[in-house]
Structure formats: C-alpha cells, structure tokens
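Now for the letters of each chain:
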2 protein chains.
Amino acid sequence: MKRLIEYGYKGKIYPINPKDGEIAGLKAYPTVLDVADPIDMALIVINAKHVLTAVDQCGQKGIKGIVVISAGFKETGPEGAALEKQLLQKVQSYGMRMVGPNCLGVVNTDPTVKLDACFAESLPVRGGIGFVSQSGALGGGILNILKDISLGFAQFISIGNQADVNADTALEYWENEDDVKQILLYMESIADPRGFRTLASKASKKKPVLALKSGRTAAGASAASSHTGSLAGADKAADALLKQSGVIREFSLGALFNSAKVFSHCPIPKGDRVAVITNSGGPGIMATDAICEYGMQMAPITDETKTYLRSYLPSAASVKNPIDMIASAPLEHYQKTLEAVIADPHVDMIVVIYLPFLGLKDIDVAKAIMEIKAQHPQKPIVGVFMTKNDFFEKLSEMEVNIPFFMFSEQAVDGLNRLNQQRLWLERPEGIVKEFSVDKDRVSALFDKVGSESRTQLTTAESIAVLSAYGIRICKDANASSEDEAVAIADKIGYPVVMKINSTKISHKTDVGGVRVGIESAEDLRTQYQDLMAKLKEKNLLEGLEGVIIQEMVPSSREMVCGVATDPQYGHMMMFGLGGVFVETFKDVTFRLAPLTDQDAHDMIRSVKAFKLLEGARGTIPAKLDQIEETLERLSQLVEDFPEVEELDINPLLISDKDGEAVAVDARIKIVPPKASFL
Amino acid sequence: MKRLIEYGYKGKIYPINPKDGEIAGLKAYPTVLDVADPIDMALIVINAKHVLTAVDQCGQKGIKGIVVISAGFKETGPEGAALEKQLLQKVQSYGMRMVGPNCLGVVNTDPTVKLDACFAESLPVRGGIGFVSQSGALGGGILNILKDISLGFAQFISIGNQADVNADTALEYWENEDDVKQILLYMESIADPRGFRTLASKASKKKPVLALKSGRTAAGASAASSHTGSLAGADKAADALLKQSGVIREFSLGALFNSAKVFSHCPIPKGDRVAVITNSGGPGIMATDAICEYGMQMAPITDETKTYLRSYLPSAASVKNPIDMIASAPLEHYQKTLEAVIADPHVDMIVVIYLPFLGLKDIDVAKAIMEIKAQHPQKPIVGVFMTKNDFFEKLSEMEVNIPFFMFSEQAVDGLNRLNQQRLWLERPEGIVKEFSVDKDRVSALFDKVGSESRTQLTTAESIAVLSAYGIRICKDANASSEDEAVAIADKIGYPVVMKINSTKISHKTDVGGVRVGIESAEDLRTQYQDLMAKLKEKNLLEGLEGVIIQEMVPSSREMVCGVATDPQYGHMMMFGLGGVFVETFKDVTFRLAPLTDQDAHDMIRSVKAFKLLEGARGTIPAKLDQIEETLERLSQLVEDFPEVEELDINPLLISDKDGEAVAVDARIKIVPPKASFL
C-alpha cells in the first residue's frame, strides 16, 4: 500500500481487509465483492491459507489479473505444491492470468499507470527495460539500485513460482509493447524450452532480449554412454536455446547491466567499424585491443576526414584511428572531431574517451557530446570518462542520451552486444525443412528393437535408420560368393573394404578378417581367396554368412554428429570434430531440435574444425550444404521419433575425393517402450 | 609546488627559479648550487632545452635522484631522442638515477615522507599499492579516482620515456620495500624482457605483481615461414613472459582494480575451497557458478558446522554450501554463520552476500563482518553487497579490512586471483638445467650453412643439430646395398621405412620411392629388389645414392615443438598439438627461453592435447619427463646459438610402443652470418 501510494498510482486503490475501516487514508472493504466499481487487478498479500478464498472472490468480481505475493506454495514442499495446483486451477477456471505466487510483485512505470506493486526498498526508476526475475530477492535488489546503475524499467515482473505467468508470457506481451524497448531476463530454469524458443525468436527480432541464466554448474549431466551424451548437459542445452532464439546471453549481472545501458541509448549500428576518439593514448590502445579481440574492425577513417582533422589538431596528435587529440584537446576539438567522425561513411560506431586534463571539465565534455548526439542520433556513441564518481552521480540526475562508462573495455563490451544484435537482425529467419523420408521403415525397425526388449540398435540397424532418412551412409552389402563380392564392389566403386560377416566371430581384425584398400576386381579376388583359405585353415568357416563389401571413403577429416536428450530441454543436436580427438578437444557445438536451415548453417561454422571443412591444407572443400542437410535430416528423425534417446554418427567422414560427408559408423539408443511417447 | 605543499611533504622544498624571489611562500634560489643544505631529489619541470644545464647543476650539487617531468625528448622525434641520449649520459656520469623524462612524476604516501611530486587532478590516497604507469595520462587518471575505486597507493612512478628508471627498477626496489604490499604495472611495452623476468620472478614470490599489458593486437607478427613462427607474435611472447615471471595478467583496468582491491585486504589462502554465505538464493547461485567455472571448489562444509548452523537457522534455510540463511536473516545469523565458517577446517575462502531486506542495514552488516574479520584475519573474506552506491561511499570514508563488491562475480574474480597467487607461491622455483651436448658439431654445421650463404638447413642438417643436442630423433641411415639396408634395419628394429636417396629426385613418393611398414628382413629384401627394378625400368638410377632406412614410429599422437624469434622478446619456445591440426586448433603454448624445468613442466600441461599425452583412449602414457627434457634441450640450443631464428619439430611423434617422443621431421633456419651474434 505504501509503495502504491508513494509512487503515485494513477488508478484507484481499494484496500481489502476483513476489518474494513481505513488503511493508509483509504476506505477499506471486507472483500472485493463489496467494492462497487469494476476492478482490473488484485494484489494478494495474505496468508497462503486464505488465498484460494480471495481468488474465488476475485473470480466472482470478474477480476482478470491477479498478483499473488504470498508465499507458502510449491517452494515449501508437497503440501504447498498441492495448494499451488488448486490455485492455478481456480485461476484458469475464472479465465484469469496470475503472477506468482511467492513473488515480489510487478511494476509498470508508464506515466499514465505508475504502478509499483512491489515491496522493494526503493521506488522504481523509469526507463525502457522490461525485466523478468525468477528470483524475487534479486529483482528487489536490482529495483533498489536502478538509479545507481543508470538503468530504468518500463515494466518489471517477479514471476516467483511461475505457476501461470512466466518469462514466455512476458516475451509474448512485450514483443508488441512499445513502452518496452529491451527485455532482460534473470532465469534459473526455463519452464517450457519450446515455447520460449518460439516467443524469444520473434521478440528478439523486434528488440534486444538479454538473459542471465544462472545455475550453470549446479548439476552435472547424468552419466551418458554416447559421445554426444557425454559432451552434452543442461547448460549446453540452455546455451543452444538462447543462441537459436537470438537471446544475448550474459554471464554476470555486471555484464547484463553494462549491455542494457548501451541498448538504452544506442541504435543498432549498420556495421562493425568502430572509431575511437581520445585525449589520451593508453585508454585508446585498450579500446583498440578490445575492439580487435571481439572481431570488430577499427574503422578505416577516410582521407578526407583525416585531412580535416589535421587542419586543427596539433602536430603531435594522431588522426589515424584511434584518433588521439592529445591531452591539450579543448572542448572545441571534441566537438569538431566527433562531428567529423559521425559524418565519415566508414564509421559505424564511436567511442569517445576523456581523461581529466588542464581544467577541461568532464561534465562540459559530456554535455557537448550529448548535444551533438541529439542532432545526429543515427550512430551509436559511447563515452569513456575515466573520472570521479561525482561525474556519474551528476549524470544520474540528468537526462542522458549516451551511455557513459569509466573504462574502455566496458564501452567496447557494449558495442560488441550492439554488433551481435545487428548480426542477429541480419540473419535470415530460417525454416525447418521437411525431407521425404522412409518413416515406416524406421517405425518397423524401432518396433522390432522394442519387441526384443532392447534399447540399443545394432550398427546395421542404426545405419539402416540413417539410410531411411536419406543420410549418406557408407555403401556396403553382403556377398556370399566371390563373384557376388566382385559384382558389389564394381557397383560401389574401388577402393573397397572387405570384412567377414560371421555370427561366431566378433573381433574381425584379430583373425585377419578385415582387408582394406582393395583397389581392383583382380585384387579383390586374390584377397577373397586368401581370406577363405585362412579361415578354413583356422577352422572358422562355421557361422560364416559371407563378406561385407564396403565402400572405402578416402578421408583425412573425421567429424562427428549426434543427438543427446536432456530431460528438460529435449533433443540436442551436436556437430563437431570427430575421431580420436572428440573428447580431448570438445570442438563441438549444440543446438536444440528442430533445426532450421539457419541453425544447421550456424552449427557447422561455429566449430574450429570448420577450417578443415573449408579445405585447409589443400584438401577438397567439404560439401557444406550436404553436411547441413545431414544435420537437418537427423533433426527430422528425432522430431518424428521422440523415442530416440542417443544417436552418434562417429565418424562422419569428409571424403577427400569429392568433399561429401559419409556416415561410416553409427549407434542409436531408444527409450524403453514403456516410456515411449504416444 | 602546489601539490607538494598541499599534500604536506615532510622534507624541505627549495624552489629553483632564475628570477629567485619567492614561490608559493617559499624562498626561491636561482640554481640548486645556491642552496646551502644538501638536496636528495630534484624535480625538473622546465623547458627541455634547459634540462641538461639543470642536470649539470644537480650533478655538481651531488643530487642523486632526479625526476624529469619536462617533455620534448624521444617522443618528439630524432632530435628529441638525441637530446634524451645526452641527458641519460649525463645522469649516468653523475651516478644519478632518473625518472622520466616526459612523465607525470612520482608519489610516496609514507606518512614520514608524504611526497606528491605529480600534477594529477587529486591528491593521492594512502594504501599498499606500488604502481608503475607507462602512460602518464592514465597514471594521472588513476590517481584521480583512487578514492572512488577504493584503492590506495604506497608509491607511484610515472616512468615516461623510461630512459633510466623503468618497471624493472621498480620491481627491484619494491621487492624489499615493506611499505609496498602489492605491485601494479601498466605497460605498453617491456623494455628488457630478460631483466624483467629475473626481477619479476623474485618480487612475485614476495608479493603479488599484477600487470595490464596493452597493445595486444596492435602489430601482427611479421610474416613467418615456420609453424611456430606463424603461431607466435609479440603478445604471445609478453603473455609467456608474464606467466613465467609469476605476474598476474589482467586484461582491463576494471579487472586490475578488482584484483588489487582483494589483494589489499586478503591474505593468500591455504587452498581453493570457497564457502558462500548469503541471504538470497540468486546471488549465491551466481557465485557458485563463477567459483566452479574458475576450477575452484565449493568448500565441503563439515557435518559439525552444518549441525551447528541448523541449530539456529530457520528450516527453509540451506546449510549446504552455498549457505542460504534466507531473507529473514538478522545480523546475529550473519555473525554466527561467519564465525562458524571461519572455524571450519574445510573452508579456505569466504564470500558473504547481502541483499537489503526487512530493514537490516547494509552498513551494520558490513561492520559486523569487519569486526569478526579483525579477530580472525587468517582467511580471505570478501563481501558482496548488492546495495546502493551510498553504502560504498560510506565505506570509502572508513577504514575497511574486507573488500566489498556489488556483484558476486567481481568477488569471485578476486578470489580466483588469490588462488592463482597461492599456486604461484607453491610452485617450485625451477632451474635451467645444463645438459651435456655436442656444441662443436652444431657450430661446424652452422658455419658450413653460413659459408654456403644459406639460412635454411636441410632436413638432414636439422636432424643432425637435434641429435647433437641429445634430442631423440627418428633413427635412420643411408644404405648403398641390399645387405647394408638389412644390416641397418636389423639394428634399428622393425618395422622400418625405406626411402630412395637421390640427388635427382625430389618428389620421392611420385616415383614410388617411399616404402612404409616393412616388417622383416625378408620383406625388406623383396621391397628393395622391387624398388631397384622399378627405378631401372623408369631410367631413374642416375644420381641414386642409396636408400634411407628409417625407424618407423608407430604413433597416433602427433605433437609439435619449436622456436620462433620475436624481435623484442627473443626466442619463444612452443609446444602443442602437431600434425594436420596445428594451424586449425592452435592448441599450442609458448614460453620464453631459457626454460626452467618448471616452465617445461607447465608447458606440456597447459595444452588441451595433454590429455592425449596422459594416455587418453587407451594409449600408452607419453614419457612426460622426456618431452620436458626435449623442450629444455631445445632451449639450451637456442641459448647457445642465438642465431637460430626458427625451428620446427613437426611431428614430434609419441610412440604407441613406449610413449617416447621422437623427432621425425625438423627444419631450422638461422639468421644470415652478417647479423650473427658475436
């Protein structure tokens, strides 16, 4: 009540209390039903045991929005969880939406609303941020320091136990809410990953969405038998989800606020070329280091601009980027230089650095820059003012149109986020393609495996599944005679590998049963005869079902791809460097299924081994489209068959002949039938 | 003069000015020679053209320390550089030490000295930091904000053009200066890398040395023909130097100050087990994430402590680390919990988190923690107070004995640095071993190469150099007959490789001149005869000098090691993953020569491929000692022969038979004789 009144809520407040009388100077009512006027929202801050009754009254009154601050629900154990379930059922039956329970409340700083329905220590600061916090305490802590960190909220939701309203709801609502210019999320878990992806992908195309997802190292991935499984884990899944959704992931509150400050005052740039204007060498060099390390460019200032700068800057100044106007730079040099750099067509973003010198006042420089910015709002400008706190305090009392930082790196961190958002906006939407596949064959295979109470498919079965989904597998066939072997090899093309196919022998190589590099029909016949003779000699003909003639893929590049299943996030697709290095270098990347064509495109480009695919060291470039399609087809497989629990294609060889990616070995594990999806 | 007087210099000030009279209330003298008393230090702030005369007068007066603030020297071009050279000669001839020229001055906050001989905007703040800044502007900027960033200086030196005094001088002086508790360096270049290494290694064993080295991406490495060269570069060299010297490298001013704040108030911990005490879940989780990501441990609180905590904390609290006392925690819970955790033998470091709740005042909590810390100074404690700036302002007016931060990650960043310093202190000193080698043979080889006006050694010559330095090379010898070939192969041991050795044929494989995997004498004879027959058939016997019989090292692990030369830092030793992946994965590490045994030990453990050496995937573990020795021997080679410009051993195969590292191919490039070292 105190906060609602203090902050100056523009609507009408009806205190509800069984004792009625007066609360904070307002007439109180025993129940909402006693209020004559219609009510939009109810804020419930009573003992948990009375909440259901209160909700019933709200329902009867026709209130559509409720915020349940009261604790004593799911967070307290099974009883509380049961109560929360009842609460949610009630809410849904009345067609209401509910924030909470067990939350800090909500805030809307819109001047026509001015709602502070929270119990944070301080009143909110107005701004363009929509903030969702899964931790009430943290949300309150942030509300309390908004002024100190130079940020302002448009709206704030403490989702608490997120029984109904969660981050997804906020994303959906804020996507088209003009008052919210950027969305910040503090999450400890993601309730509905698929829903989140759909909503965040849309919202992030309209405004920046930033997330701090904590609990990264809390729980290790459960023991997994596959490569993909052992490299996966919930945080990899969360990371994939955020990437695919265009959400900028931050790893600390400091970084989150730093980025939010930049997004608060900067447009999205047209490119990644950064100009640095400074009156001191050191911070200019540090900014340059940071810009280059992020992979952005130092803007190649035009000769025209350089000539102009040279016309008034002292000879000791440097007109190359970073533009060092030296310590003597008066206010006028800041103004002329900034205007020239804004006008330079080779510049996309600008860092202005100021160190206190010779009586030039920090706040005067800041004001001059902001005046210029107001006239030229098109390019992002950030200020680095390595000066006293009272400068920043003065700023926090003013309307600013530029983010100011104390250190170069903070400014460049922010520009990097602007650039990241630019790249996301430029990235095509991406579609989930549908390929023509033999779904029935896979269905039949899985049924067979299930009927045998197995969960692990044999190699042959695994390969058959891939083949049914149009994935390029290593060609092979069983031959029961020499002539048949030659016929098969002729069809596959030389060189080939010959392996014995016997029900009795499991370690083929131990008995000399694998012959590689067979170059011709003649060679094959010789080797076949030799093999049979040796098997006879060793009395190993029993159980022999013939020989497998297999295509031999000449390759110096072994990749890996696969699928793991996270209990919360579902199917995770993996791609990366395979072979003996897979566990050592962990040069792999994950995305959640279903993959769009863009996701597949991004995946293969986000591992270091991409250089190998491009054709490093004189190799034939890999068929990138075909690798992407392989990943997309795998994605379709697990979408069609959710029972696929683990899948490894290792190695996925890149042919040195034509760059084609060929699945040579595969293993698939499915969940036991009793747990299968209906 | 203004600063000297304002800050209250404890000595006597003699203003020197040709006009004499009075300056700032003090009697001025025309020259130092006119002052009757002895003078310790002269601060020279006059036009560059008069500096030499002033120095002469100082010399005659017997002044031993001078600080030349005046600009107009090397930084202005060749004329200034010449003047600076004269200045230095004069300084040295008088047996003086000089700070500058072109600097901001020096500061000593020792209460018995109180010297502020700088022209920064603000007076210095007293503390335990010795700070060297290569940028005067940046140094001044930092002096100006010391109070705002909660740091204090014991001494400050703006080294300017560092004609005489540089970072090395400061390290040497401060190593044994008790007033300086930690050393901070801002460097854009390192004048004398060897001297720096010697002095920094010693100093860093006594107190933390932190460096921000900028200009990381300014200049790319010059075009290099070797692998090692192409992966090297000045920043890699600087990084290696700092690592070998025990200097903690920071990459931003924010991080530098963050660490300095922690070192200002924390002892070095006994281990890496961190306990987190919090009144709010979110920041506790974020601290946990950061602790685990740094590879530190969440302290396993003893059962005894847990039982005690449980005795007074509410049931909703968590007594497992992180210890969440929940929002209701009163001051008493903070006190009891902190005392219990300090007493817990499983805890090495402590993070105390506070979010404002229920009227508990931030400053009261901070004071309570500091009181406990004062009684138990043995363990590092850091505070995370996510509260308003005015809390931090209040702190800046107080004596504090704990570093306080706004965010969890800042606190954990600091603890990680404490832990890093602990590891450095625990690291054995390391010695540069001297191996018995055949130096004369290498001398003769290099002379021969030089006499032929070559800089590139042949493979055979390169291998011979390695062999002379006792590096395990792939055994081989030339055979001019079948019998000789067999005799050699018998000595080397099978399997072997046979390669033709011909002056006419450069591409051996194109003519079928390389035979691998020869398993027996019989096999060798057959292959030898076949090879000779084929060569005769193709008319290729002319120029044939025999065949090379080479040991065949069975290996699935290819490493690389080598040497590159940086124009400033000298010889850089490299080690890492070799073979086709060397450029793709860049899984290599650098250290500067000479290598100590500890450096070699660290090197092989700092690449991801170390897992392969340990025997990943069922391979025989590599002989780690022998690989270390290989690196140490290479280091000795380049110390003995500075003319070695580039050296690559690629691959350095790890034998699957016995784990030995074998140099199979090598290339060495030396500098042209005219540039050789005398």
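Residues numbered from 1 in each chain as written. Chains lettered and ligands numbered in written order. Predicted model: local features only at pLDDT ≥ 70, side-chain atom pairs only at ≥ 80, totals over all residues.

A. Spatial organisation of the overall build of chain A. Scanning chain A for helices and strands turns up 23 helices and 28 strands. Projecting the C-alpha coordinates of chain A onto the three principal axes gives extents of approximately 100 × 80 × 35 Å. Per-residue burial for chain A yields a buried fraction of 49% across its 678 residues. Across chain A, the fraction of contacts at a sequence separation of at least 24, relative to all contacts at a separation of at least 6, is 71%. (Helix = DSSP H or I, 4+ residues; strand = E, 2+ residues; numbered from the N terminus. Buried ≥ 20, exposed ≤ 12 C-beta atoms within 10 Å, placed from the backbone. Contact = placed C-beta atoms within 7 Å.)

B. Seen up close, the relation of the copies chain B and chain A. The operation relating chain B to chain A is a screw motion whose rotation component is 180°, with 0.1 Å of axial translation and a residual RMSD of 0.2 Å. Each copy turns onto its partner about a two-fold axis. In terms of C-alpha distance to the rotation axis, chain B has B:Phe585 as its closest residue, with the C-alpha 4.3 Å off the axis. Here 100% of the interface residues in chain B have copies in chain A that are interface residues too; the copies meet face to matching face. (Least-squares fit on C-alpha atoms with pLDDT ≥ 70 in both.)

C. The arrangement of the domain arrangement of chain A in detail. Its domain assignment divides chain A into domain 1 (2-214), domain 2 (271-417), domain 3 (475-552) and domain 4 (557-675). Centre-to-centre, using C-alpha coordinates, domain 3 of chain A lies 30 Å away from domain 4 of chain A. (Domains from an automatic or database assignment.)

D. View of the pairing of strand β3 (residues 41-44) of chain A. All names here are of chain A. Across four bridges, β3 lies against strand β4 (residues 65-68) in parallel orientation. Bridged to Met 41 within β4 is Gly 65. In this region the chain leaves β3, passes through helix α2 (residues 48-61) and returns to the parallel neighbour β4; the handedness of that crossover is right-handed. (Pairing = 2+ DSSP bridges. Right-handed = clockwise from strand over helix to strand, strands pointing away.)

E. Summary view of the environment of A:Lys433. Along the chain, the position of A:Lys433 falls in the loop between α15 (408-426) and α16 (439-451). Sequence separation of A:Lys433 and A:Lys181 is 252 residues, and the distance between their C-alpha atoms is 33 Å.

F. Structural context of helix α9 (residues 253-265) of chain A. Here α9(A) contains 13 residues, and its C-alpha end-to-end distance of 19 Å stays within 8% of the 18 Å for a straight helix at 1.5 Å per residue. α9(A) sits mainly inside the fold: 13 of its 13 residues count as buried. (Expected span 1.5 Å × (residues − 1).)

G. Broad picture of the interface of chain B and chain A. Listed by partner, the interface residues are 49 residues for chain B and 49 residues for chain A. Mapped by element, the contributors of at least two residues to the side of chain B that touches chain A are α4 (136-145), α9 (253-265), α10 (281-293), α15 (408-426), α20 (582-585) and α22 (610-614) of chain B. Tallying contributions element by element places α10(B) first for the side of chain B that touches chain A, with nine residues. Residue classes in the side of chain B that touches chain A are distributed as 20 nonpolar, 17 polar and twelve charged. (Nonpolar A, V, L, I, M, F, W, Y, C, P; charged D, E, K, R; others polar.)

H. Examining the packing of helix α12 (residues 331-343) of chain B against helix α13 (residues 362-375) of chain B more closely. All names here are of chain B. As a packed pair, α12 and α13 sit with axes 10 Å apart at the nearest point and diverge in direction by 25°. If you check the angle between α12 and α13, you find them roughly parallel. Pair α12 / α13 crosses with right-handed handedness. Where α12 approaches α13, its residues Leu 331, Tyr 334, Gln 335, Leu 338 and Glu 339 are matched on the opposing element by Asp 364, Val 365, Ala 368, Ile 369 and Ile 372. Among the residues making up the contact of α12 with α13, the classes are represented as seven nonpolar, one polar and two charged. (Axes fitted to C-alpha atoms, helices over the stretch in contact; angles between N-to-C directions. Parallel < 35°, antiparallel > 145°, perpendicular 65-115°, else oblique. Left-handed = near helix turned anticlockwise from the far one by under 90°.)

I. Inspection of helix α19 (residues 521-537) of chain A at higher detail. Residue and element names in this part refer to chain A. For α19, which comprises 17 residues, the first-to-last C-alpha distance of 24 Å matches the rise-based estimate of 24 Å (1.5 Å per residue) to within 8%. At its buried positions, α19 is contacted by α18 (482-492), β20 (496-502) and β21 (514-518). Backbone geometry just downstream of α19 places Asn 539 in the positive-phi region, at approximately 60°.

J. Fine view of the sheet that holds strand β5 (residues 97-99) of chain A. Residue and element names in this part refer to chain A. The sheet built from three strands is open, its strands ordered β3-β4-β5 with parallel pairing. Of all strands in the sheet, those with a lone pairing partner are β3 and β5, marking the two edges. Strand-to-strand twist in this sheet, taken as the mean axis angle between neighbours without regard to direction, amounts to 20°. As judged from the three bridges shared by β4 and β5, these two strands associate in the parallel manner. By the bridge assignment, Val 67 is partnered in β5 with Val 99.

K. Region of the structure containing the nonpolar core. With 403 residues, the main nonpolar core has A:Val351, A:Met572, B:Val351 and B:Met572 as its most contacted residues. With residues near it in sequence (within four places) discarded, B:Val351 still touches B:Val274, B:Val276, B:Ala287, B:Val382, B:Val384, B:Ala411 and B:Val412. (Core = buried A, V, L, I, M, F, W, Y, C linked by C-beta atoms within 7 Å.)

L. Structural view of the sheet that holds strand β5 (residues 97-99) of chain B. All names here are of chain B. Spatial strand order, β3-β4-β5: three strands in an open sheet with parallel pairing. Strands at the two margins of the open sheet, each flanked by one partner only, are β3 (41-44) and β5. Averaged over all adjacent pairs, the angle separating strand axes in this sheet is 20°, with direction ignored.

M. Molecular detail of the environment of A:Ala290. All names here are of chain A. As for its position among the elements, Ala 290 is in helix α10 (residues 281-293). Distance in space between the C-alpha atoms of Ala 290 and Asp 413 is 7.9 Å, their sequence separation being 123 residues. When sequence neighbours within four positions are dropped, the list of residues in contact with Ala 290 reads Ser 408, Glu 409 and Val 412.

N. Quick look at the environment of A:Gly470. Residue and element names in this part refer to chain A. Looking at the secondary structure, you find Gly 470 in the loop between α17 (459-468) and β19 (476-479). As a C-alpha pair, Gly 470 and Phe 435 span 35 residues in sequence and 8.4 Å in three-dimensional space. Not counting chain neighbours up to four residues away, the residues in contact with Gly 470 comprise Phe 435, Val 437 and Arg 633.

O. Unusual backbone geometry, seen in detail. All names here are of chain B. With an omega dihedral of -5°, the bond running from Tyr 494 to Pro 495 counts as a cis peptide bond. With respect to the helices, strands and loops of the structure, Pro 495 is situated in the loop between α18 (482-492) and β20 (496-502). For the peptide bond that leads from Ala 593 to Pro 594, omega is 0°, which places it in the cis range. Looking at the element boundaries, Pro 594 is found in the loop between β25 (588-592) and α21 (597-605).

P. Examining the confidence of the model for chain A more closely. All names here are of chain A. Averaged over every residue, the pLDDT of chain A is 92; the share at 70 or more is 96%. Overall, residues 219-224 carries pLDDT values under 50, and its contacts beyond four positions in sequence, including any with other chains, amount to ten contacts. Of the two predicted TM-score estimates for the complex, the pTM is 0.91 and the ipTM is 0.90. (pLDDT = per-residue confidence, 0-100.)

Q. Broad picture of the packing of α9(B) against α15(B). Residue and element names in this part refer to chain B. The N-to-C vectors of α9 and α15 enclose an angle of 70°; their axes lie 9 Å apart at closest approach. Of the possible angle classes, the one that applies to α9 and α15 is roughly perpendicular. Handedness of the α9/α15 crossing: right-handed. Residue-level inspection shows Ala 255, Asn 258, Ser 259, Lys 261 and Val 262 of α9 in contact with α15, the latter providing Gln 410, Asp 413, Gly 414, Arg 417 and Leu 418. A class-by-class count of the residues in the contact of α9 with α15 yields three nonpolar, four polar and three charged.

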